[in-house]
Amino acid sequence: MFISDVQPSKTLAELSVLRENCDLEAKAAQGRDGRGTVPESFWETYVAMANTDGGLVLLGLREKEDHSFEPLGLQNTAKVRKSLWDGLNNTEIVSHNLLTNQDVRLVDYDGKQVLEVYIPRSSRQQRPIYLGKNPITGTFRRNFEGDYRCDEATVRRMLAEALEESRDARLLLGFGFEDLDLGTFAAYRNEFRSTKPGHPWLSLDDRELLRQLRGWARDRQTGDEGLTLAGLLMFGQLRAILDALPNYIVDYQERPAPKTEPRWVDRVTTDGTWSGNLFDFYRKVYPKLINDLKVPFRLEQGFKRIDESHVHEALREAFVNTLIHGDYSGSVGILVVKRPDIFGFRNPGGLRLPLHVVLEGGTSDCRNRNLQKMFQLVGAGEQAGSGFPKILRAWQEQHWRKPLLRDTTQPEQAQLQLPMMSLLPQVVLDELDRRFGPGFRSLTENETLALATAVIEHKISNERLRELTDLHSTDITELLRGLVERGFLGPKGRGRWSYYVLPGDQISPTLPMLDVLLSDPKEAETSEPRNQTSEPSPPSPEQLLTLAELVRSNRKVSRTTMERIILTLCQWQFFTIKELASLLGRSGDFLQASYVTKMVKLGQLELKYPDKPNHPLQAYRTKQALQTK
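The shown structure was predicted, so the numbers you read here are calculated from the model rather than taken from an experiment.

Enquirer: Go over the sheet that holds strand E22 (residues 575-576), please, and point to the residues and values.
Expert: The three strands lie next to each other as E22-E24-E23, forming an open sheet whose pairing is antiparallel. Unpaired on one side and paired on the other, E22 and strand E23 (605-607) mark the two borders of the sheet. Bridge count for E22 against strand E24 (residues 619-622) is two bridges, and the pairing is antiparallel. Its bridge partner lying in E24, Phe575 is registered against Tyr620. Those strands touched by helix H24 (residues 588-601) are E23 and E24, and its axis lies near 85 degrees from that of E23.

Below, the structure is given as structure tokens:
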């Protein structure tokens, strides 16, 4: 039955706190007669929130230009609620109803009746939630600006994720044993024998062993047999892998200093000098990750762990998780970064589970379960769902800053950063003391932690401070606002995407910075490892974000401003539409239709692939003539 009783009254001040912790949208919902209705725009928001992380829609509340709320109320709440449920259960309007009676509540805001509609995050198996009958055109997601329509590739990945419990089980027609790197497979067999010397599979020939590992499969209906995606990724030759997955790239970069510039002194990437498969990537990179940890450790047979510490275990877990959770059909590659102050891991494809479930541990939904089993059989990879708690344990034992795990949708990727520095490094405290003087010295421990995090991670948010402290989100909101009022922080963004930065001058380049995964190479570079400083370098990822800040932090900017910033960003390198969308905080469809296509026709932007305008990796750069004006 419907919930008919009005819930306890709320204040608008409560909403201002809630919006920093929840994706929240207000809709006037007055209708033509002024008595209330479910607006058409609600359904896009419902779909978008369900396909992202859920959220709260308030019907009967208007958001003003200054982002404050004005309660308008609903005169005929029964009519609006019935219309809501009718729409939710009409597949001509939306594909799936996720709500229960408890998700729709009538609340009094300053004497006005407002309908609160809590929209849960949909599960992987339910996605995509979409408008009408066509998921390709009716699927939306959320970002800080609002609802944006997903492109076809994103929708098809959602559909595949829903249908395929394990993405790597797919039989690849036309791919056979000749596409394997036999040296890799021999090395795997040797490691398997060393890890599990009495295992019965060790007596099998190569083809049968590969079958038992789920790297080879046979379709019982058609009789077709060959490599699975897992077999090709784990043991294949690079050329064969690229034939199946044109955007495949794995990349390890060892960077020499705690700076955001993507320069390296050692690199392993898919440059054609080695097999390029995942097992060889693991064998090459894992020893590099751990070779200078200041913890007693010895290696046997190149990379087998003996008497390892929890830090080594955590790094192995983070590395293997990156490989087994990757969506190799996407346009983003695997990236592993090592710096003196931090380790960074990025895999294509977002988290299959809500972030809080991953952080708690105990639950697993591995994207590539056959790869996971292959790594486990050689001692690389632990019990399902135990990865992140083990990483947290290791970092807590060292009293390092808490690991940062983030899930993004533009592009779809998961990022894990493991900083090796204290919560309050002395060099950061000295810098803050220099900037703020006696006022800084009077701050509380949590206020000091907020400012230090704003320096080290470039920003601080309610969500991040909840991860670092035991404070309640309401108390954190008040703490951050107090720091703003006293001039220690400046607000950016709005709603759930609100964050805070230090005002005024740029942070000193000598201070530690933790953004290591913003670079997104689409093609492997084949140059020698470098550390040159003589040639002018393009802006760092942080500088690119700064250049785009004016657009990203404002819902509306003039056409002249947008075009100027696009041309500025594209001076140094080609950017895809997805990359521009991520930098500018706009949807790719909007940028393509409203700006980029026209700028190409006007000769302001040039194509990376001029002979193939619809190339899947098409990217855009400012015309050279414009750059030299």
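Next, the rest of the story.
Enquirer: Lay out helix H13 (residues 369-377) with the relevant residues and their values.
Expert: For H13, the full list of buried residues reads Asn370, Leu371, Gln372, Met374, Phe375 and Leu377. The secondary structure elements touched by the buried residues of H13 are helix H6 (182-195), helix H8 (229-235), helix H10 (278-290) and helix H11 (310-324). Of the residues one or two after H13, Gly379 is the one with positive phi, at around 80 degrees.

Enquirer: Summarise the sheet that holds strand E18 (residues 404-409); cite the residues concerned and give the values.
Expert: In spatial order, the strands read E13-E12-E16-E17-E19-E18; together these six strands make up an open sheet with mixed pairing. Single-partner strands in this sheet number two, and they are strand E13 (266-269) and E18. Here the strands of the sheet are splayed against their neighbours by 10 degrees on average, with no regard to which way each runs. Where strand E12 (residues 250-254) lies against E13, four bridges are found, and the strand directions are antiparallel. If you follow Glu254 over to E13, its bridge partner there is Asp266. Contacts from helix H14 (residues 387-397) reach strand E17 (342-348), E18 and strand E19 (412-419) within the one sheet, and its direction differs from that of E19 by about 25 degrees.

Enquirer: Before we move on, can you summarise the packing of aromatic side chains with the specific residues and values?
Expert: Describing an aromatic ring pair means giving the distance of the ring centres and the angle of the ring planes. Per the counting criterion, the structure on display carries 17 aromatic pairs. Within the aromatic cluster, the residues linked to one another by ring pairs are Trp274, Phe281, Tyr282, Tyr286, Phe319 and Phe375. One residue, Lys459, lies across the ring of Tyr499, its end atom 5.1 Å from the ring centre. The cationic tip of Arg559 hangs over the ring face of Tyr595; the distance from NZ or CZ to the ring centre is 4.4 Å.

Enquirer: Account for the packing of H11 against H14, naming residues and giving values.
Expert: Two quantities define a packed helix pair, namely the angle between the axes and the distance from one axis to the other. In the contact formed by H11 and H14, the axes pass within 8 Å of each other and the chain directions differ by 145 degrees. The interaxial crossing formed by H11 with H14 has left-handed handedness. When H11 is examined against H14, the residues His310, Val311, Glu313, Ala314, Leu315, Glu317, Ala318 and Asn321 are found in contact with a partner set consisting of Gly387, Lys390, Ile391, Arg393, Ala394, Trp395 and Glu397. Residue composition of the contact of H11 with H14, by class: seven nonpolar, three polar and five charged.

Enquirer: Describe helix H5 (residues 152-163), listing the residues and the values that go with them.
Expert: Spanning 12 residues, H5 covers 17 Å between terminal C-alpha atoms, matching the ideal 16 Å at 1.5 Å per step. Every buried residue of H5 is listed here: Thr154, Val155, Arg157, Met158, Ala160, Glu161 and Ala162. Looking at the packing, one finds that the buried side of H5 touches helix H4 (135-138), strand E8 (140-143), E19 and helix H23 (577-584).

Enquirer: Mind laying out unusual backbone geometry, listing which residues take part and the relevant values?
Expert: Residue Pro128 is bonded to the preceding Arg127 through a cis peptide linkage, with omega at 0 degrees. At Asp110, a position not held by glycine, the phi torsion is positive, near 50 degrees. In this fold, Asp110 is placed in the loop between strand E6 (104-109) and strand E7 (112-119). Even without being glycine, Arg214 reaches a positive phi, approximately 65 degrees. Following the sequence through the fold, Arg214 ends up in the loop between helix H7 (206-212) and strand E10 (216-218).

Enquirer: Summarise the environment of Glu165; cite the residues concerned and give the values.
Expert: Looking at where Glu165 falls in the secondary structure, it is placed in the loop between H5 and H6. As for Glu165 and Arg367, which are separated by 202 residues in sequence, their C-alpha atoms are 7.2 Å apart. In this structure, Glu165 is in contact with Arg124, Gln125, Arg352, Cys366, Arg367 and Arg369, ignoring residues within four places of it in sequence. A distance of 3.3 Å separates the side chain of Glu165 from the side chain of Arg369, its partner in a polar contact.

Enquirer: Account for the pairing of E17, with residues named and values stated.
Expert: By the criterion of burial, E17 is predominantly enclosed, with seven of the seven residues buried. The two faces of E17 match: Ile342, Gly344, Arg346 and Pro348 on one face and Phe343, Phe345 and Asn347 on the other face are all buried. Taken together, the five bridges between strand E16 (residues 334-339) and E17 define a ladder with antiparallel strand orientation. Across the sheet, Leu335 pairs through a bridge with Arg346, a residue of E17. Taken together, E16 and the strand that follows it, E17, pair antiparallel across an intervening segment of two residues. Where E17 meets E19, seven bridges bridge the pair, whose relative direction is antiparallel. What sits directly across from Arg346, in E19, is Gln415.

The rules behind each value
Residues numbered from 1 in each chain as written. Predicted model: local features only at pLDDT ≥ 70, side-chain atom pairs only at ≥ 80, totals over all residues. Heavy atoms only, no water. Pairing = 2+ DSSP bridges. Helix = DSSP H or I, 4+ residues; strand = E, 2+ residues; numbered from the N terminus. Contact = heavy atoms within 4.5 Å. Axes fitted to C-alpha atoms, helices over the stretch in contact; angles between N-to-C directions. Buried < 20%, exposed > 50% of the residue type's maximum accessible area, 1.4 Å probe, protein only. Phe/Tyr/Trp six-rings, centres within 6.5 Å; stacked < 30°, edge-to-face > 60°. Lys NZ or Arg CZ within 6 Å of the ring centre and 35° of its normal. Left-handed = near helix turned anticlockwise from the far one by under 90°. Nonpolar A, V, L, I, M, F, W, Y, C, P; charged D, E, K, R; others polar. Expected span 1.5 Å × (residues − 1). Polar contact = N/O pair within 3.5 Å; in protein donor to acceptor, adjacent residues only side chain to side chain.

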